[in-house]
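# Descriptive structure summary
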Amino acid sequence: MCIFLQHIEFHQFIKDEDARDRTANVEPLCLYKKSNCPLFVNMEEMYIKSVPQYNDMQRWFAYLRRHNANIFNVFFQDKESIRKDGIVATVEDVARFFGLPVPVLHDKCETIAEVMTNANAAECELYYNWLLMEKAGINNTDTLRLSFVHELSHQLLYQPRFLLFENELWIQELAADMIVGAFSTIDRDVATGKYKYILKQLSASMTHPDGELRALVVEFGRDYITHLKEQDNFNDIKDILTGLPAFVYSHYQELQDSWDKVKLNEMEEDADMECKPMDYESLPDTNLLKQYYLKHVKNKEDDNEHHG
Ligand SMILES: [Zn+2]
């Protein structure tokens with residue numbers, strides 16, 4: 001029975017996919033590069049010739065694995081080539097979804113992406129570094145879209161303070177990722193696998209909670225929106241946040257332990273900084289401390305010569 005249902009689902013999926021409007025600036029990339037893996041390419045060519053539905057099957061398998069967060073899916077499968085205009089169009093789409101003005105875009109950033117929120121949403125600035133994004137595994141439009149959903153959620157959450165935990169920044173991050181989860185189910189089923197995998201690689205810091213927990217809240221957002229829809233309580237994307245306290249309280253101990261650890265590390269780093277002797281030699285010659293230090297060294301040498 002299961003196989004029969006999957007068979008129907010497969011044919012429905014192919015029909016829906018063919019009917020879907022495809023973004024002109026996105027092309028799927030070949031699964032294996034010829035130079036890297038000729039064996040797989042030959043196998044792929046052989047299958048394409050011998051199985052008439054080969055390409056449909058590949059799309060179906062991509063659909064089945066779309067929420068799996070594993071390294072193979074992230075770096076080798078379901079990649080698309082994205083051009084700069086594709087990135088801009090994705091940001092515009094996400095801004096439109098939130099009813100926000102399109103942020104001021106900067107394509108230079110020291111991290112993958114950052115947002116500078118503003119009381120006036122029209123002045124919100126979004127920074128991204130496409131090279132770092134691709135390197136991290138943001139290599140198709142679904143994952144790119146979810147990354148920008150996360151960043152623009154911070155502008156959407158400019159006002160609210162949740163006051164659920166002593167580090168409000170962590171809760172704001174969880175809220176943004178919960179919105180990502182909800183977003184991934186709204187218009188169409190947006191693949192979350194790569195996004196969750198990337199999160200899971202990130203450890204907790206002063207500003208961000210542990211990535212494993214962030215990946216969990218994405219899943220929680222997906223489940224919670226279904227619950228809201230069933231109860232006819234879903235009108236706006238922000239409604240998803242009514243579920244945030246439940247997530248925070250059910251992971252409170254985990255959050256607290258992780259936060260205590262981060263604070264401890266931070267204190268140790270501060271203590272290390274205090275104990276380390278200052279390297280005056282490496283300072284520029286114009287630095288007053290260096291000049292004072294060199295004078296002190298010279299006086300000492302003169303003194304030694306004098307006594308010697
Ligand atoms: Zn964030």
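Read on for an overview of the structure.

Cut-offs and rules
- Residues numbered from 1 in each chain as written.
- Predicted model: local features only at pLDDT ≥ 70, side-chain atom pairs only at ≥ 80, totals over all residues.
- Helix = DSSP H or I, 4+ residues; strand = E, 2+ residues; numbered from the N terminus.
- Expected span 1.5 Å × (residues − 1).
- Buried ≥ 20, exposed ≤ 12 C-beta atoms within 10 Å, placed from the backbone.
- Core = buried A, V, L, I, M, F, W, Y, C linked by C-beta atoms within 7 Å.
- Contact = placed C-beta atoms within 7 Å.
- Pairing = 2+ DSSP bridges.
- Axes fitted to C-alpha atoms, helices over the stretch in contact; angles between N-to-C directions.

### So, helix H8 (residues 168–186)
Taking 1.5 Å of rise per residue, 19 residues should cover 27 Å, and H8 covers 27 Å from first to last C-alpha, within 8% of that figure. The element H8 is largely enclosed, with a buried count of 14 among its 19 residues.

### Some remarks on the nonpolar core
Most often, soluble globular proteins have nonpolar side chains that are buried together. If you look at the biggest cluster of nonpolar residues, it comprises 44 residues, and the most contacted ones within it are Val149, Leu174, Ala175, Met178, Ile179, Val180 and Val217. If you list the elements that add at least two residues to this core, you get strand S5 (125–128), helix H6 (130–136), helix H7 (141–156), H8, helix H9 (193–200), helix H10 (211–230) and helix H11 (244–250). At 10 residues, the largest contribution of residues to this core is made by H8. Those residues within four positions of Met178 in sequence are excluded, and the remaining contacts are Val217, Phe220, Gly221, Ile240, Leu241, Leu244 and Phe247.

### Brief notes about the sheet that holds strand S3 (residues 104–106)
If you walk across this open sheet you meet the 3 strands as S3-S5-S4, and the pairing is mixed. Two strands lie at the open edges of the sheet, namely S3 and strand S4 (113–116), each paired on one side alone. Mean inter-strand twist for the sheet, computed between neighbouring axes without regard to direction, equals 15°. Here S4 pairs with S5 via 4 bridges, running antiparallel. Looking at S5, one finds that Glu114 is bridged to Tyr127. On the sheet, H7 packs against S4 and S5 and is oriented at approximately 20° with respect to S4.

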